[in-house]
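Structural overview for review
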Amino acid sequence: MKNQPFHKRVVFALHGIAAALRMESSFRLQCLAALVVVIVLACARPSMIWWALLLLNCGMVLAAELFNTALEHLIDHLHPALHPSIKIAKDCAAGAVLLLSVSAVAVFIAFLIEYFQM
């Protein structure tokens with residue numbers, strides 16, 4: 001599938017996002033959280049730096065969750081049995097999503113603190 005035209009690569013990516021939306025409750029919850037952030041930003045009309053920081057954080061969390069999902073599906077397909085090394089790989093990927101999620105929440109809280117102090 002190498003060297004496909006751009007429009008085909010976009011379709012593949014959209015299929016991946018759609019699959020994650022169908023199969024991963026965590027991804028759906030994170031998409032909902034990102035939507036709430038966008039709604040709050042639209043209502044609050046903060047400076048562009050807050051838009052950039054918060055949207056970047058949302059994008060990173062969603063991307064990390066997609067990587068985590070891809071890794072889990074690949075590992076489960078290649079080696080369905082439990083193995084200590086596979087557990088570490090899956091746990092590390094989930095840990096990356098957790099760290100980015102905590103970071104995103106911290107940035108959102110910082111935004112709310114600044115917004116309500118104005």
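A few points on the structure. Within each chain, residue numbers correspond to sequence positions counted from 1 in written order. Restriction of local features to residues with pLDDT of at least 70 applies here, the model being predicted, together with a cutoff of 80 or more for giving and counting side-chain atom pairs; totals for whole chains, interfaces and linings are based on all residues. For the side-chain quantities, the full set of heavy atoms in the structure was used; hydrogens and water were omitted.

**Comments concerning the overall build of the chain**
Our working rule: Under the DSSP-based scheme used, a helix requires at least four consecutive residues in state H or I and a strand at least two consecutive residues in state E, with every element numbered from the N terminus. What the globule rule says is 2.2 Å times the number of residues to the power 0.38, and the radius of gyration is computed from C-alpha atoms.
The number of helices and strands found in the chain is four helices and zero strands. Its helices and strands in sequence order give the chain the pattern α-α-α-α, from N to C terminus. Its C-alpha radius of gyration of 17 Å places the chain more than 25% over the 13 Å reference for a compact globule of 118 residues. Each principal axis of the C-alpha atoms in the chain carries an extent, and together these give about 55 × 40 × 25 Å.

**Digging into the packing of aromatic side chains**
Operational definition: In summary, the pairing rule links any two rings of Phe, Tyr or Trp, Trp by its six-membered ring, whose centres are within 6.5 Å, and it sorts them by plane angle into stacked for under 30 degrees, edge-to-face for over 60 and tilted for everything else.
Summed over the entire model, instances satisfying the criterion amount to four aromatic pairs. Seen in terms of ring centroids, Phe108 and Phe111 are 6.2 Å apart; in terms of plane orientation they differ by 35 degrees. Their pairing is tilted. Remark: Phe111 and Phe108 occur in helix α4 (residues 84–117); sequence separation between them is three residues, near one turn of the helix. Counting every residue linked through ring pairs, the aromatic cluster contains Trp50, Phe108, Phe111, Tyr115 and Phe116.

**What to know about the packing of helix α3 (residues 48–78) against α4**
To characterise two packed helices, one gives the angle between the axes of the helices and the distance between these axes. Defined as follows: Axis definition: a line fitted to C-alpha atoms, limited for helices to the stretch in contact. Angles are taken between N-to-C directions and run from 0 to 180 degrees. Put simply, angles under 35 degrees are roughly parallel, angles over 145 are roughly antiparallel, angles from 65 to 115 are roughly perpendicular, and the rest are oblique. In a left-handed crossing the near helix is turned counterclockwise from the far helix by less than a right angle, and in a right-handed crossing that turn is clockwise. Note on residue categories: nonpolar means Ala, Val, Leu, Ile, Met, Phe, Trp, Tyr, Cys or Pro, charged means Asp, Glu, Lys or Arg, and polar means any other residue, Gly included.
Two elements in contact, α3 and α4, have axes whose closest approach is 9 Å; the angle formed by their N-to-C orientations is 165 degrees. Relative to α4, the element α3 is oriented roughly antiparallel. The hand of the α3/α4 crossing is left-handed. Counted by class, the contact of α3 with α4 contains 19 nonpolar, four polar and five charged residues.

**A short note on the packing of helix α2 (residues 25–44) against α3**
Our working rule: We call two residues in contact whenever any of their non-hydrogen atoms come within 4.5 Å of each other.
Between α2 and α3, the shortest axis-to-axis distance is 10 Å and the interhelical angle comes to 170 degrees. Of the possible angle classes, the one that applies to α2 and α3 is roughly antiparallel. Packed against α2, whose contacting residues are Ser26, Phe27, Gln30, Cys31, Ala34, Val37, Val38, Leu41 and Ala42, the element α3 presents Trp50, Trp51, Leu54, Leu55, Cys58, Val61, Leu62, Glu65 and Leu66 at the interface. For the contact of α2 with α3, a count of residues per class yields 15 nonpolar, two polar and one charged.

**Observations regarding the nonpolar core**
Keep this limit in mind: Definition used in this section: a nonpolar core is a set of buried Ala, Val, Leu, Ile, Met, Phe, Trp, Tyr and Cys residues joined via side-chain atoms within 4.5 Å. A simple rule labels every residue: compare its accessible area, found with a 1.4 Å probe on the protein chains alone, to the largest value its type can have, and call it buried under 20%, exposed over 50%, or partly exposed in between.
Counting residues in each nonpolar core, the largest one holds 13 residues, and the members touching the most others are Val37, Leu41, Trp50, Leu54, Phe108 and Phe111. Tallying contributions element by element places α2 first for this core, with five residues.

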